[in-house]
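Chain by chain, the residues:
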Amino acid sequence: DSGVTQTPKHLITATGQRVTLRCSPRSGDLSVYWYQQSLDQGLQFLIQYYNGEERAKGNILERFSAQQFPDLHSELNLSSLELGDSALYFCASSAGTVTGELFFGEGSRLTVL
Amino acid sequence: TQLLEQSPQFLSIQEGENLTVYCNSSSVFSSLQWYRQEPGEGPVLLVTVVTGGEVKKLKRLTFQFGDARKDSSLHITAAQPGDTGLYLCAGNAGNNRKLIWGLGTSLAVNP
């Protein structure tokens, strides 16, 4: 158990819809990272938050947005969903801003039909 | 664009065999991490290597960072079914903001 909690574990929705994925980091960790994992592209970094503020941005689409709340949990919002958005979405946390050891949640599997 | 290439992409071996998987790049990394991911779970950190030429051992797993800090290898001795999983390498480019990930080596160890 990494200490990182993600919900929901599975999500099936239709094209054009909007979903929200939730992540609670390990106790004490201030950084939260969101990743997308698909078979053909591997782990793709989406975005990092540190103590409520955006720290780094990766290959995150404009249809996607995220935020980190004062209690340090984070949400990833995916809108106008397309078939190609079907993937595993992982949240990871770390203690500081420097990308050291990442602790990953179990992921949210999104299926867009 | 910095890339990390992992090889082989897939590997299926019998219990007790030895194997080596590779992580290569044309870029220099300040550090490199190896993770193992099992089905239905997130990646779990195995080791971080920092110094060129560094060798780290974790039981039957031996990790090496290339002298030029552009490549790394993972050697498993006497593989066991519990070693089955996706092995991912991730390099820190030095900006300390994000890791560069390889696509992984999917290892299956058959009893």
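Note: the structure precedes this text.
Values in this document were obtained by computation on a predicted structure and should not be read as measured data.

Conventions and cut-offs
Every chain is numbered independently, its residues counted from 1 as its sequence is written. As they are written, the chains are lettered A onward and the ligands numbered 1 onward, keeping that order. Given that this is a predicted model, residues contribute local features only at a pLDDT of at least 70 and side-chain atom pairs are listed and counted only at 80 or more, while totals for whole chains, interfaces and linings are drawn from all residues. Side-chain measures here rest on the full set of heavy atoms in the structure, leaving out hydrogens and waters. Only strands joined by at least two bridges in the DSSP assignment are considered to pair. Each helix is a run of DSSP H or I of at least 4 residues and each strand a run of E of at least 2, with the numbering of both proceeding from the N terminus. Structural elements are reduced to axes, namely lines fitted to C-alpha atoms, with helices fitted over the stretch in contact, and the angle between N-to-C directions of any two is expressed from 0 to 180 degrees. Ring pairs are drawn from Phe, Tyr and Trp, using the six-membered ring of Trp, whenever the two centres fall within 6.5 Å, and their geometry is named by plane angle: stacked under 30 degrees, edge-to-face over 60, tilted for the rest. For each residue, the accessible area found with a 1.4 Å probe, counting protein chains only, is set against the maximum for its type, and the residue is called buried under 20%, exposed over 50%, and partly exposed in between. Put simply, a nonpolar core is a bunch of buried Ala, Val, Leu, Ile, Met, Phe, Trp, Tyr and Cys residues held in one set by side-chain atoms that sit within 4.5 Å of each other. N or O atoms closer than or at 3.5 Å make up a polar contact, with two conditions inside protein: a donor-capable atom paired with an acceptor-capable one, and, for residues adjacent in sequence, both atoms drawn from side chains. Should any heavy atoms of two residues lie within 4.5 Å, those residues are considered in contact.

A.B. asks: Even after reading the chapter, I still don't get the sheet that holds strand S8 (residues 74-78) of chain A, so can you show me in this structure?
C.D. replies: Pairing between the strands of a sheet is mediated by backbone hydrogen bonds and can be parallel or antiparallel. All names here are of chain A. A sheet is described by the order of its strands in space; here four strands give the open sequence S1-S3-S8-S7, paired in antiparallel fashion. With partners counted over all chains shown, the strands left at the sheet margins are strand S1 (5-7) and strand S7 (64-68), one partner each. Direction aside, neighbouring strands of the sheet carry axes that sit 15° apart on average.

A.B. asks: What exactly am I supposed to notice about the packing of aromatic side chains here?
C.D. replies: The description of an aromatic ring pair rests on the distance of the ring centres and on the angle between the ring planes. All names here are of chain B. The final tally for this structure, using the stated rule, is nine aromatic pairs over all chains. Between the aromatic rings of tyrosine 35 and tryptophan 101, the centroid separation amounts to 5.0 Å while the plane-to-plane angle is 45°, which identifies the pairing as tilted. One end of the pair, tyrosine 35, is in strand S4 (residues 31-37); the other, tryptophan 101, is in strand S10 (residues 99-101), and 66 residues separate them in sequence. Per residue, the accessibility class of tyrosine 35 equals that of tryptophan 101, and both read buried.

A.B. asks: Teacher, can you tell me more about the nonpolar core here?
C.D. replies: For soluble globular proteins, the rule of thumb is that nonpolar side chains tend to be buried together. Among the nonpolar cores identified, the biggest contains 22 residues, and B:Leu19, B:Leu32, B:Trp34, B:Phe63, B:Leu74, B:Ile76 and B:Leu107 are the most heavily contacted of them. When residues of this core are traced back to their parent elements, those giving at least two are strand S3 (19-24), S4, strand S5 (44-49), strand S7 (61-65), strand S8 (71-76), strand S9 (85-92) and strand S11 (105-110) of chain B. Within the second largest apolar cluster, 20 residues are counted, among which are A:Val32, A:Ile60, A:Phe64 and A:Val112.

A.B. asks: Is there a simple way to think about the side chain of B:Glu54 in this case?
C.D. replies: Residue and element names in this part refer to chain B. Secondary-structure assignment places glutamate 54 in the loop between S5 and strand S6 (55-58). Residue glutamate 54 is classed as buried on the basis of its relative accessible area of 18%. At 2.9 Å, the side chain of glutamate 54 and the backbone nitrogen of threonine 51 are in polar contact. Those residues in contact with glutamate 54, other than ones at most four positions away along the chain, are Val49, Phe63, Gln64 and Phe65.

A.B. asks: Explain unusual backbone geometry to me, please; I cannot follow it from the model alone.
C.D. replies: Leave glycine aside and you will find that most residues have negative phi; peptide bonds, for their part, are mostly trans. Geometrically, the link from A:Thr7 to A:Pro8 is a cis peptide bond, its omega value of -10° lying close to zero. Of note, A:Pro8 is situated in the loop between S1 and strand S2 (10-13). Within the chain, A:Ser80 stands out as a residue other than glycine whose phi angle is a positive 45°. One can find A:Ser80 in the loop between S8 and strand S9 (87-94). Its relative accessible area of 41% is what places A:Ser80 among the partly exposed residues. Phi angles above zero are rare outside glycine, and B:Arg69 is one such case at about 60°. Structurally, the position occupied by B:Arg69 is in the loop between S7 and S8.

A.B. asks: Got a minute to help me understand the pairing of S3(B) in this structure?
C.D. replies: For a regular strand, side-chain orientation follows a simple rule: the groups alternate between the two sheet faces. Residue and element names in this part refer to chain B. Alternating residues of S3 divide into Leu19, Val21 and Cys23, all buried, and Thr20, Tyr22 and Asn24, none buried. Relative to S3, strand S1 (residues 5-7) is paired through three bridges, and the arrangement is antiparallel. Paired with serine 7 across the strands is tyrosine 22, a residue of S3. As paired strands, S3 and S8 are joined by six bridges and run antiparallel to one another. Within S8, the residue paired with cysteine 23 across the bridge is serine 72.

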